[in-house]
Amino acid sequence: MKSIGHLTDFYYNTLYPTLQELEEQRRALKDKIIKFGILLAVAGLLIFYFLTDGFKSIDTDMIIFFIFALGASGAFLYKILIKDYASSFKTKIIEPLIHEIDDNLRYDPVYKIEERIFIDSKLFTDKIDRYSGNDYVTGKIDSVDITFSDVHAEQKHEDSKGRTTWSTIFKGLFIVTSFNKYFSNSTIILPDSAENLFGSVIGSWLQSKNLARNQLVKMDDPAFEKEFVVYGSDQIEARYILTHSMMKRILDLKKKTGKPVYISFVNGQMNLAIEYDKDLFEPSVFRSLLEYQVAMEYVKTLQLTVAIIEELKLNERLWSKR
Amino acid sequence: MTILIIIAVAALILILMYNSLIAKKNQVENIFGGVDAVLKKRYDLIPNLVASVSKYMEHEKSILENVTKLRSEANKPGLSDKEKIELDTKITSALGSIMVAVENYPDLKANENVMNLQHNLTEIESQISAARRAYNQAVTDYNNAIEMFPTNMMASFMSLGKKDVFVISEGERKNVNVKEMFNS
């Protein structure tokens, strides 16, 4: 497995000419965005001035509507402006980085993990009304099949006045890998929000009453129990998968990412969802590509995703699958 | 009317307590069924293992005889859960000794049949370990219920007694790595 150091060197050394070229493009784009932003704001103010009869008839509803409209057009304009830059960043920087991690890996900037696979993972039980994603990577690492992409699943809500709002079910990195043990039931590991909110007695009682899930599986590792809640259709199989060392590895993974982690073992596969509050592998327009922090963010996320194989020792063919 | 409500609530509480105790007792029995099934898988493997290694292991004859004897004891009908748990501990230790001894015989280590048996045994050990942990959790929930107030009163009325758990070795608790234990 390539180290973060190796990948950072690759980012700076091998990709340097491309980075410089993109950095120029980024600066020009940044100026363009600022100019368009000012233009949009001035145009907005002028329209507002005429609509309110020279700022005389202003009411709060109108101000809110106007701010929203301005924000929405700004976001739309921004998306159009950065489209080409984002696309060349992905093919010129992210793709070579992924190939540097492993030659076997295939990258598609537009494709995503299918919605069916996301639903079948049983990680999220809410009904999905809108599903999107990008940055699809698939291939084999150390003889383990791995596929991941950015995913955003949302639910639609309508209030009594017919207004529509969207809430996020999950946004972040979604990873599917093969697992080194045979299992026929499903085991779901979720962040333990109930115990954190209500304490262990009431929290654990609430968890056992979760109707959307299978039986509660209490694990014999207090540190793991504190962070996660496990549901499974087979008490023995859940423990067959979650050995003490596996629980420790999952805890380490959570510590390393610092994000909520969801894991399920379903249909012979392992599904892993790591919540991020932003789109991954998207180029930043307002920060230099040559800045260390910016570079590290891409490299670290990619390396961590791939290192999961090593972290969870998925390539260990000691057990049933030889 | 108030009295009726009080009686109804009290009856409901008693029913809930009774049902929860029965559910916990059944969960223990149900999971012990799973433990039994994997233990049986291991017992089935023992004659093969003994046959494959006995030709070579002259100095370990006593361990092999012991494991065969323990196996026949474990296969006797009518054993209590407690006796099964005790036999399991002894067999785990005896099998561990055999696997450690295999290391001293280069011919055995290279023997495909033995390697295959080692692999199967390692796999079964991990299943047994999972079954033991599931059983211990079910027993702990059950024991807690029959010792804690107010379910303890209902439990003594139902004459439910405490159950034993499997003692899991410190090494196993840290990391269920039978690979290291068997040094394969």
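Residues numbered from 1 in each chain as written. Chains lettered and ligands numbered in written order. Predicted model: local features only at pLDDT ≥ 70, side-chain atom pairs only at ≥ 80, totals over all residues. Heavy atoms only, no water.

Structural notes on the overall build of chain B
Next, step 1: From N to C terminus, chain B includes 8 helices and 0 strands.
Next, step 2: Secondary structure of chain B in N-to-C order comes out as α-α-α-α-α-α-α-α.
Next, step 3: Relative to a compact globule of 184 residues, whose C-alpha radius of gyration would be 16 Å, chain B shows 22 Å and is clearly more extended.
Next, step 4: Taking the principal axes of its C-alpha atoms as reference, chain B extends roughly 85 × 30 × 20 Å.
Next, step 5: The buried share among the 184 residues of chain B stands at 41%. (Helix = DSSP H or I, 4+ residues; strand = E, 2+ residues; numbered from the N terminus. Rg over C-alpha atoms; globule rule 2.2 N^0.38 Å. Buried < 20%, exposed > 50% of the residue type's maximum accessible area, 1.4 Å probe, protein only.)

With respect to the nonpolar core
Next, step 1: The biggest cluster of nonpolar side chains holds 65 residues, and the ones touching the most others in it are Tyr11, Phe224 and Leu242 of chain A.
Next, step 2: In terms of residues, this core owes the most to one element, helix H3 (residues 60–101) of chain A, which gives 10 residues.
Next, step 3: When sequence neighbours within four positions are dropped, the list of residues in contact with Phe224 of chain A reads Ile189, Met219, Val230, Leu242, Met247, Ile250 and Leu251 of chain A.
Next, step 4: Ranked by size, the runner-up nonpolar core spans 52 residues in total, among them Ile31, Leu45, Met57 and Ile124 of chain B. (Core = buried A, V, L, I, M, F, W, Y, C linked by side-chain atoms within 4.5 Å. Contact = heavy atoms within 4.5 Å.)

Looking at the pattern of salt bridges
Residues and elements named next belong to chain B.
Next, step 1: According to the stated counting rule, one finds 25 salt bridges over all chains in the structure shown.
Next, step 2: Linking Asp36 and Lys84 is a salt bridge whose minimum nitrogen-to-oxygen distance equals 2.9 Å. With Asp36 in helix H1 (residues 2–54) and Lys84 in helix H3 (residues 81–102), the pair connects residues that are 48 residues apart, well separated along the chain.
Next, step 3: For Asp36, a relative accessible area of 28% corresponds to the partly exposed category.
Next, step 4: A residue is classified by how much of its surface remains accessible, and Lys84, at 19% relative accessible area, is buried.
Next, step 5: Ionic pairing is found between Arg42 and Glu125, a salt bridge with its closest N-O pair at 2.9 Å. Placement of Arg42 in helix H1 and of Glu125 in helix H5 (residues 112–147) is noted, with a sequence separation of 83 residues between them. (Salt bridge = Lys/Arg side-chain N within 4 Å of Asp/Glu carboxyl O.)

Looking at the sheet that holds strand S3 (residues 144–158) of chain A
Residue and element names in this part refer to chain A.
Next, step 1: One open sheet holds the 9 strands; their spatial order is S1-S2-S3-S4-S9-S8-S5-S7-S6, and the pairing between them is antiparallel. Every interior strand has two partners, whereas the edge strands, strand S1 (106–108) and strand S6 (215–217), have only one. Within this sheet the neighbouring strands show an average axis-to-axis angle of 20°, counted without direction.
Next, step 2: By the bridge criterion, 3 bridges tie S6 to strand S7 (residues 228–232) in an arrangement that is antiparallel. (Pairing = 2+ DSSP bridges. Axes fitted to C-alpha atoms, helices over the stretch in contact; angles between N-to-C directions.)

Description of the packing of helix H1 (residues 4–13) of chain A against helix H9 (residues 292–311) of chain A
All names here are of chain A.
Next, step 1: Following both chains from N to C, one finds H1 and H9 inclined at 130°, their axes separated by 10 Å at the closest point. As the angle between them shows, H1 and H9 are arranged oblique. Judged by the twist between their axes, the crossing of H1 over H9 is right-handed. Residue-level inspection shows Ile4, Leu7, Thr8, Tyr11 and Tyr12 of H1 in contact with H9, the latter providing Tyr292, Ala295, Met296, Tyr298, Val299, Lys300 and Gln303.
Next, step 2: By residue class, the composition of the contact of H1 with H9 is 9 nonpolar, 2 polar and 1 charged. (Parallel < 35°, antiparallel > 145°, perpendicular 65-115°, else oblique. Left-handed = near helix turned anticlockwise from the far one by under 90°. Nonpolar A, V, L, I, M, F, W, Y, C, P; charged D, E, K, R; others polar.)

Focus: the packing of H1 of chain B against helix H2 (residues 61–74) of chain B
Residues and elements named next belong to chain B.
Next, step 1: Remark: H1 packs on H2, axes separated minimally by 10 Å, with the N-to-C direction vectors making an angle of 160°. For the element pair H1 / H2, the angle class is roughly antiparallel. With respect to the hand of their crossing, H1 and H2 are arranged in left-handed fashion. Packed against H1, whose contacting residues are Tyr43, Asp44, Ile46, Pro47, Val50, Val53 and Ser54, the element H2 presents Lys61, Leu64, Val67, Thr68, Arg71 and Ala74 at the interface.
Next, step 2: Residue composition of the contact of H1 with H2, grouped by class: 8 nonpolar, 2 polar and 3 charged.

A word on H1 of chain B
Next, step 1: Counted at 1.5 Å a residue, the expected span for H1 of chain B with its 53 residues is 78 Å, and the 77 Å between its end C-alpha atoms agrees.
Next, step 2: Of all the bends in H1 of chain B, the greatest, near 25°, is centred on Ile46 of chain B, and the proline Pro47 of chain B appears no more than four residues after it. (Expected span 1.5 Å × (residues − 1). Bend = angle between axes of the 7 residues up to and from the residue.)

Some remarks on the packing of aromatic side chains
Residue and element names in this part refer to chain A.
Next, step 1: Summed over the entire model, instances satisfying the criterion amount to 18 aromatic pairs over all chains.
Next, step 2: The interplanar angle of 80° and the centroid separation of 4.7 Å between the aromatic rings of Tyr111 and Tyr136 together place this pair among those described as edge-to-face. With Tyr111 in the loop between S1 and helix H4 (115–120) and Tyr136 in strand S2 (residues 130–141), the pair connects residues that are 25 residues apart, well separated along the chain.
Next, step 3: Accessibility expressed as a relative area gives 37% for Tyr111, which makes it partly exposed.
Next, step 4: Among the aromatic residues, those joined into a cluster by ring pairs are Phe118, Phe124, Tyr131, Phe170, Phe174 and Tyr262.
Next, step 5: Taking the ring centre of Trp166 as reference, the NZ or CZ of Arg130 above it sits at 3.9 Å. (Phe/Tyr/Trp six-rings, centres within 6.5 Å; stacked < 30°, edge-to-face > 60°. Lys NZ or Arg CZ within 6 Å of the ring centre and 35° of its normal.)

The quantities given are spatial measurements derived from coordinates; they are silent on function.
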